[in-house]
Every structure is written in C-alpha cells, then in structure tokens.
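# Coordinate inspection notes
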Amino acid sequence: MEHELAQELNRALRDTTPGTLLSVMGRRLYFPKGIIAQGAEAKQFSSLADGTLGIAVKQKTPLMLSALGKQLPGMSAGEIVSYAPTAGISVLRDIWAAEIRRKNPALGNSAFSLPVVTTGLTAGVSVLCDLFLDEGQTLMAANPSWDNYGLVAEARRNAHLRLVDMFDEGGIDLSALRTALSGEAQKTGFVRIILNFPHNPTGYSPTVGEAKEICRIIGDTAEKGAKVLVICDDAYFGLRFEENIEAQSLFAYLADIHENVLAAKVDGATKEDFAWGMRCGFITFAGKNLSGAHYDALIKKTMAVIRSTISCSSTVVQNLLQKMYSSDRDALQKEKNAYRDIIEARYKKVRALVDAKKNHPLLQPMPFNSGYFMSFKCKNIDAESLRQKLLHGYGVGTIAIDERTLRVAFSALDDECINEVYAAIYRAAEELAG
Ligand SMILES: Cc1ncc(COP(=O)(O)O)c(C=O)c1O
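This next bit is on the site of the ligand. The full set close to the ligand counts 13 residues, and Thr122, Asn200, Asp233, Tyr236 and Thr270 are the nearest of them. Taking Tyr236, its side chain carries an N or O atom lying 2.6 Å from an oxygen atom of the ligand. Considered on its own, the ligand offers 390 Å² of accessible surface; in the complex 91% of this is hidden by protein. Contributions of two or more residues to the shell around the ligand are made by α8 (120-132) and α13 (269-272). Ranked by residues supplied to the shell around the ligand, first place goes to α8 with three residues. Tallied by class, the residues present in the shell around the ligand amount to five nonpolar, five polar and three charged.

Encoded structure:
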C-alpha cells in the first residue's frame, strides 16, 4: 500500500510522462512531513526558540570545534556544520539554474525544474535509476560506457544495461542508434537511455549535425508513442577541442521536444569546475508541457531518494561552491579557460601522435574530439594484458574498459610525458603481439 503522501505525488504526476516512467520504488517514495519539513517550517516562524533539529546550538549559533572553524576563517559555523536542506542550499540551486540557462541558450524560454543538489554526479545517476528504472527493465547507453552505469543499473537496480554500438570510425552511428531505440520502443513502449557527452571513455562529442539527428531520433521515437527518459550525463560539459562540435547539452534541445520525453540533466562541479572530490552534482528535469506542480512533485520524489539514502549533501561544500560562483566572475572564467587550455594542449599532442600512426595494425583510436579521455580498440591483443604490460613493464597506468578497449586519461598526463607514454603504448602492444 502506497503512503498517503506518495499517492498525492503520484496523483500530481498522473497522465504525465514522468508519472508513467516511475519505477515501483519511485511510485512508493514520498517526502515525509516529518523532522525536515517541520524543521524548515520552524526556521521561518520560531521567533523565540527552535527546538526541532538534532543539532547543538548556543545563542542561535551551532556549536563548532574551533580547530575546525579556524581552517575556514571566512565562514560562519552555520555555513560549515549545520545541516543543508535536503534538495540543497537554495542560493546554490538558483545559481546553477541560471548557469544552465546561460550555457545553453537553445533552451530559450523552455521551463525546467530547479536543480536538486546531489553528492556528485554518481548520486545523480543513481537517484534517477531509483526513480525511473525497475527490475527487468532496460537502460540503454553507448558501448563502451563508464563502468558505473552497469553497477547502478544492473547490480543495484537489477535492470539490464544495454550497450549500443553507437560509435563508428567517423563518429556516431546514427542508424544503429535509431534501430536500437525503435526496437526497444516497439518491444516495451518505453525507452530509457543515458547519453554522456563528452563521452567517457571514448572522448567523443557529437557534431552539430549529429546532435540534431540524435534529438530527431528521440523525437521520432516519442512521436510514435513511446515514453522516453533521456538522462543527459554532462559531466565533462564544455571541453570541446575541435570545430563544429555541439556546444550545448542535448538537454537544451530535448527540454521541449515532445510530451512523451522526460529529459533529466545530471551535471555539476566535479569536472566542469575542477572540484572532483568535493562531491557536488545536480539533477534537473524538463519536459514539454510539464507545469510547476509537476516539477514540484518530481523534486519531492527526488528529495525522497536523497532523504532515505544520504539525507542531504555537505553544507560546507555547497557554501564553498556558492561563494566561488558568487566571486569575481571574470577571474573565475579566466582561470577555468586557462585550465581548459592545458587539457586542450594535451589533446592536440595526443591527436598528433595517434594520427601519425593511423593505420597501426594493433591499436585503432576510437573517434575523439573532447573531454578527458581517448580509447584504443585493440586488434588481436587483449586490453587487460596490454594494461598489465604498460603498468608493470613501463610504469604507465591506463584502464582496460573491456576485452578490446584501453582508455587513456590524457587530461591527467603531464605534457612532458605524453610522447613517452604513447611510445610505450605502441611498443607494449607490439611486444604483446610478438
Ligand atoms: C560519465 C561520468 N559521469 C559521472 C561521473 C561521476 O561524477 P562524480 O565524481 O561527480 O560522481 C563520471 C566520473 O568519472 C563520469 O565519467
């Protein structure tokens, strides 16, 4: 039996695409009118004293050990040790919403939900799978993919991660993508897909034309009646190193594409703002004709996953980031550009090295033009054996994604060692092949 509050949210989402896509768990979830809701209400109206939350306070200020406070001299105890709201600190959510609009002008006047803060993008993907992916259902992703999708979709949700061969030698194999989507739509009436550009592990981003076609395929699938969830994993947003690559998130084009499409954007500070271990990501929803009440219900469902797993994200991290985003904008952007240029210079160096060995018999680079990574398809050699040889024979760390794919994070290679690393990769492959 669903809780009364869950029923209320399900009613609010009735006959909408997100309502239809909800998992059994997603339908069950609700945001309780318990401690957090009552505490938020008290914060507004408790003029004498607030005895709601389980924190220790003196003269309305949380008690904080001075050995901690002195590490962060510019911040108050409340900004460091008190609890953050379940969906995140509202100033930070507002800043991120404005950033999404600024970075994606194609959104135009399309509505989207206020972003919800999660503990990194991983949590964002996991929350969405809790809400929208059931046991036995299928989540589609590109082949190869970031390995955590399998852990979340298969090991955690007991669903099926279907990897679609959507890269060919030149870029995106649009007909393979169309066939995969229409096959799934015909079979089940639903499509759930995660699209990650710039892509991990290949380092590929669609061209402007390919992005348009991907969205057309999604729109056509929806037009034929399937309910479509598209998770846009934008972890590496903005790192484009060639001309004519789509500059905006696919989310911008999917936000208002068709009533049967729910777009969910997962993004955050992790890679975009060089804050990997700070663990701050966001989930944002958009769908044609969804109202404010629909977005509220979706946010409450999202808060329910957060409240029942991690409870809330770190207060100090959210405040640090909010202060960073509110600091001198030009200086921030200038420094980000300079860091981006470092990665681009490494990309160019790697590009030249692999282009010079275009027809290598053992190592075929997959298409790459963006992000942190590039991958080799290994021909007649095993990627794990190559990884082992590189690590133990040459002192070079790489990742064997699957039997035939070796990933190199060129973003993490100092310029001075790139030539040597790539020489080692080709040499090790040749030695393995005998
Ligand atoms: C495609 C992709 N999505 C999400 C993440 C995870 O981001 P976070 O560290 O914020 O959880 C990564 C990290 O490697 C990634 O490559």
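Glancing now at the packing of aromatic side chains. A ring pair, where both rings are aromatic, is described by two values, the distance of the centres and the angle of the planes. In total, this model carries 17 aromatic pairs according to the counting rule given. For the ring pair Phe132 and Phe285, a centre distance of 6.3 Å and an interplane angle of 75° mean the geometry is edge-to-face. With Phe132 in helix α8 and Phe285 in strand β9 (residues 281-286), this residue pair connects regions lying 153 residues apart in the sequence. Residue Phe132 shares its accessibility class with Phe285, and that shared class is buried. A centroid spacing of 5.6 Å and a plane angle of 90° characterise the contact between Trp146 and Tyr149, whose relative ring orientation is edge-to-face. Overall, the relative accessible area of 2% leaves Tyr149 in the buried class. Taken together, the aromatic side chains of Phe241, Tyr347, Phe368 and Phe410 make up a single cluster linked through ring pairs. The residue whose ring lies beneath Lys103 is Trp96, and the NZ or CZ to ring-centre distance is 4.5 Å.

A few words on the nonpolar core. Among the nonpolar cores identified, the biggest contains 128 residues, and Phe132, Leu363, Phe410 and Tyr422 are the most heavily contacted of them. Taken domain by domain, the makeup of this core includes at least three residues from each of domain 1 (4-31 + 86-326) and domain 2 (330-433). If near-sequence neighbours (up to four positions away) are discounted, Tyr422 is found in contact with Val350, Leu353, Val354, Met374, Phe376, Val408, Phe410 and Leu413.

Taking 1.5 Å of rise per residue, 19 residues should cover 27 Å, and helix α18 (residues 415-433) covers 28 Å from first to last C-alpha, within 8% of that figure. Listing the buried residues of α18 in full gives Ile418, Val421, Tyr422, Ala424, Ile425, Tyr426, Ala428 and Ala429. For α18, the secondary structure elements touched by its buried residues are α16 (329-355), β10 (363-365), β11 (373-378), α17 (383-394) and β13 (405-409). Backbone geometry just after α18 places Gly434 at a positive phi near 80°.

Okay, the domain arrangement of the protein chain next. Note on interface size: it is often stated as the accessible area lost on association of the parts. One can read the domain layout of the protein chain as domain 1 (4-31 + 86-326) and domain 2 (330-433). Using only C-alpha atoms to locate each centre, domain 1 and domain 2 end up separated by 28 Å. Taken together, the contact pairs 31 residues of domain 1 with 25 residues of domain 2. Across the interface of domain 1 and domain 2, roughly 2200 Å² is buried in total on both sides, 61% from carbon and sulfur atoms. Sorting the residues of domain 1 by area buried against domain 2 places Pro201, Phe241 and Phe274 first, and these three jointly supply 30% of that buried surface. Connecting domain 1 to domain 2 are one salt bridge. Seen at the junction of domain 1 and domain 2, the total is twelve residue pairs in polar contact (both at pLDDT 80 or more). Of all elements in the fold, only α13 and α15 (315-326) reach the threshold of two or more residues within the side of domain 1 that touches domain 2. Here the side of domain 1 that touches domain 2 is composed, by residue class, of 13 nonpolar, ten polar and eight charged.

Within the element layout of this structure, Asn158 appears in the loop between α9 (148-156) and β5 (160-164). Judged by relative accessible area, which is 44%, Asn158 ranks as partly exposed. Spatially, the C-alpha atom of Asn158 lies 39 Å from that of Val350, the residues being 192 residues apart in sequence. Setting aside residues up to four positions removed in sequence, Asn158 forms contacts with Glu135, Gly136 and Ala153. There is a polar contact of 3.1 Å between the side chain of Asn158 and the side chain of Glu135.

Over its 27 residues, α16 runs 38 Å from end to end, which matches the ideal 39 Å to within 8%, given 1.5 Å per residue. Taken as a whole, α16 has its buried residues at Leu332, Lys336, Arg340, Ile343, Glu344, Arg346, Tyr347, Val350, Arg351 and Val354. Of the residues that open α16, the one with a side-chain oxygen 3.1 Å from the backbone nitrogen of Asp330 is Asp328.

Quick look at the environment of Ala269 now. Structurally, Ala269 can be placed in helix α13. The class for Ala269 is buried, based on a relative accessible area of 1%. Considered as a pair, Ala269 and Lys187 are 82 residues apart in the sequence and their alpha carbons are 38 Å apart. Leave out the neighbours within four places in its chain, and Ala269 touches Trp96, Phe274, Ala275, Cys280, Leu321 and Tyr325.

The contact between α8 and helix α14 (residues 292-309) brings their axes to 10 Å, and the two run at 110°. With respect to α14, the element α8 is oriented roughly perpendicular. With respect to the hand of their crossing, α8 and α14 are arranged in right-handed fashion. Two secondary-structure elements touch here, α8 through Val127, Asp130, Leu131 and Phe132 and α14 through Leu298, Lys301, Thr302, Val305 and Ile306. Looking at the contact of α8 with α14 residue by residue, the classes come out as six nonpolar, one polar and two charged.

How each quantity is defined
Residues numbered from 1 in each chain as written. Predicted model: local features only at pLDDT ≥ 70, side-chain atom pairs only at ≥ 80, totals over all residues. Heavy atoms only, no water. Near = heavy atom within 4 Å. Polar contact = N/O pair within 3.5 Å; in protein donor to acceptor, adjacent residues only side chain to side chain. Areas by Shrake-Rupley, 256 points an atom, 1.4 Å probe, with all protein chains shown as cover. Helix = DSSP H or I, 4+ residues; strand = E, 2+ residues; numbered from the N terminus. Nonpolar A, V, L, I, M, F, W, Y, C, P; charged D, E, K, R; others polar. Phe/Tyr/Trp six-rings, centres within 6.5 Å; stacked < 30°, edge-to-face > 60°. Buried < 20%, exposed > 50% of the residue type's maximum accessible area, 1.4 Å probe, protein only. Lys NZ or Arg CZ within 6 Å of the ring centre and 35° of its normal. Core = buried A, V, L, I, M, F, W, Y, C linked by side-chain atoms within 4.5 Å. Domains from an automatic or database assignment. Contact = heavy atoms within 4.5 Å. Expected span 1.5 Å × (residues − 1). Buried area = accessible area lost by both parts, 1.4 Å probe. Salt bridge = Lys/Arg side-chain N within 4 Å of Asp/Glu carboxyl O. Axes fitted to C-alpha atoms, helices over the stretch in contact; angles between N-to-C directions. Parallel < 35°, antiparallel > 145°, perpendicular 65-115°, else oblique. Left-handed = near helix turned anticlockwise from the far one by under 90°.

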